Amino acid sequence: MDTIRALVLSGGGGRGAFHAGVYKYLMESKKVDMDSNHQGIWDPQVVVGTSIGAVNGAAIVQGMSAEELERVWLSLEEHDVQGLPPGMRGLARWMSRRIFADIMDARLLQVPAQEATSPIPKDYWPPLPLLPSWLGERLIGHWINLLDTGPLRKTLYTRFGFDEQKLAESAKALLIAATNVQTGERMMFSNREIYRRDTGEARRDVATGITADRILASCSIPLVYPWTFDPETNAFYWDGAVVANTPLGAALDMTRDVPVDVPAEVVVVLMTPWWQDPAEAPGAARRMPASFGDAITWALDWALLASFRERLQLIEAYNRFAERERIEGKGPYRYRMVKVVVVAPDDFLPAARIIDYDGDVSRDLIEAGRLAAERAFQQEFS
């Protein structure tokens, strides 16, 4: 093996069509103006996914082609992913549909109780605390999340072809991230065991096995979607992006059995604009947010990006140690050389796109992802 290749797919809901475009470029067999090692297909041995990255990552690891992944995204609509929770009543349903119609131009149906993933709490949601309880229950109902992921669970099987056995037997490694609701700790789920690079011990923050519910756990955006219970770990989980949108460290631990002499390339796909030099900032970032929607988008994107910035700085520090080892010729080496290639959109993608799934918009995001990957590879490997 000349190089270890890892693909890290960040969260972003409906913006996940961007991943499909990136993967489309990576799998092109003839890349123009690339060095000899990057002219052909760039096929990852390790895939790490958070939230919608877990959905796309599972599809890739179990063998879905770039063309198939693109077709799935072009076919997805809002009702394939989400609906109103079954405990929502009258006035709450009306208000939710009005709000979501403005965001996603779709009338969401209520998910039947037998297909729903939402818990139904004992107390009704209290925006009308002065009304009698019977009237509040009739107008508001019993619910603690805005949308239900029952449709997504079905779509994992019908559109993304989820197959637990294929994932377990795949030659590719898959890790997906979730957040423990009650402790705030990150939890990783993997299709194989992972050991710490420094001690060789099995990682206690990784559970082996990828199930449909564990993918839902990684996608469970707090307040928007319900948390997901995992019986094996006896814990409830929210979206992994809450604490680790791009868990690079776990990806590198998957390479422990490969000699340290072998370098690694990690392609990190972000849903946020990325630059390290202030002069490279996109035009939108050179002004202040111009609307409430802009403010939400910026605040969300920077929160998601924070952990990646810290992890990237740590990898750069380890790379300096690795370079010194090789200059001094001291072996056996302790540190692997890791090249991180960031693929990101040119500008901010609206936060509303997180819950907005639409084939026409997805088409634009797929092309944007392909072009962003091409630019990143030309910058790093031409």
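Keep in mind it's a predicted model, so treat the numbers as computed, not measured. (Residues numbered from 1 in each chain as written. Predicted model: local features only at pLDDT ≥ 70, side-chain atom pairs only at ≥ 80, totals over all residues. Heavy atoms only, no water.)

Student: Could you clarify how one ought to interpret the side chain of His-19 in this entry?
Tutor: With respect to the element layout, His-19 can be found in helix H1 (residues 17–26). A residue is classified by how much of its surface remains accessible, and His-19, at 2% relative accessible area, is buried. From its side chain, His-19 meets the backbone oxygen of Ser-10 in a polar contact 3.0 Å long. Once you skip the residues sitting within four places of it in the chain, His-19 turns out to touch Leu-9, Ser-10, Ile-52, Gly-53, Asn-56, Val-269 and Met-271. (Helix = DSSP H or I, 4+ residues; strand = E, 2+ residues; numbered from the N terminus. Buried < 20%, exposed > 50% of the residue type's maximum accessible area, 1.4 Å probe, protein only. Polar contact = N/O pair within 3.5 Å; in protein donor to acceptor, adjacent residues only side chain to side chain. Contact = heavy atoms within 4.5 Å.)

Student: Honestly, the packing of aromatic side chains in this entry has me stumped. Any pointers?
Tutor: How two aromatic rings sit relative to each other is set out by the distance from centre to centre and by the angle between their planes. Applying the stated criterion across every chain yields a total of 17 aromatic pairs. Relative to Phe-160, the ring of Trp-73 has its centre 6.5 Å away and its plane inclined at 75 degrees; by these criteria the two rings are edge-to-face. Pair noted here: Trp-73 is in helix H3 (residues 66–75) and Phe-160 is in the loop between helix H6 (150–158) and helix H7 (164–169), with a separation of 87 residues, a long-range link. A residue is classified by how much of its surface remains accessible, and Trp-73, at 1% relative accessible area, is buried. Both rings, one in Trp-73 and one in Tyr-357, keep their centres 5.9 Å apart while their planes meet at 15 degrees; by these two values the pair is stacked. On the criterion of sequence distance, the pair formed by Trp-73 in helix H3 and Tyr-357 in the loop between strand S9 (338–343) and helix H11 (359–381) is long-range, its members being 284 residues apart. Both residues of the pair, Trp-73 and Tyr-357, count as buried. Among the aromatic side chains, those forming a connected cluster through ring pairs are Tyr-25, Trp-42, Phe-377 and Phe-381. The ring centre of Tyr-25 lies 5.3 Å from the NZ or CZ of Lys-31, which sits over that ring. Here the guanidinium or amino end of Arg-326 rests over the ring plane of Tyr-333, the centre of that ring lying 4.3 Å away. (Phe/Tyr/Trp six-rings, centres within 6.5 Å; stacked < 30°, edge-to-face > 60°. Lys NZ or Arg CZ within 6 Å of the ring centre and 35° of its normal.)

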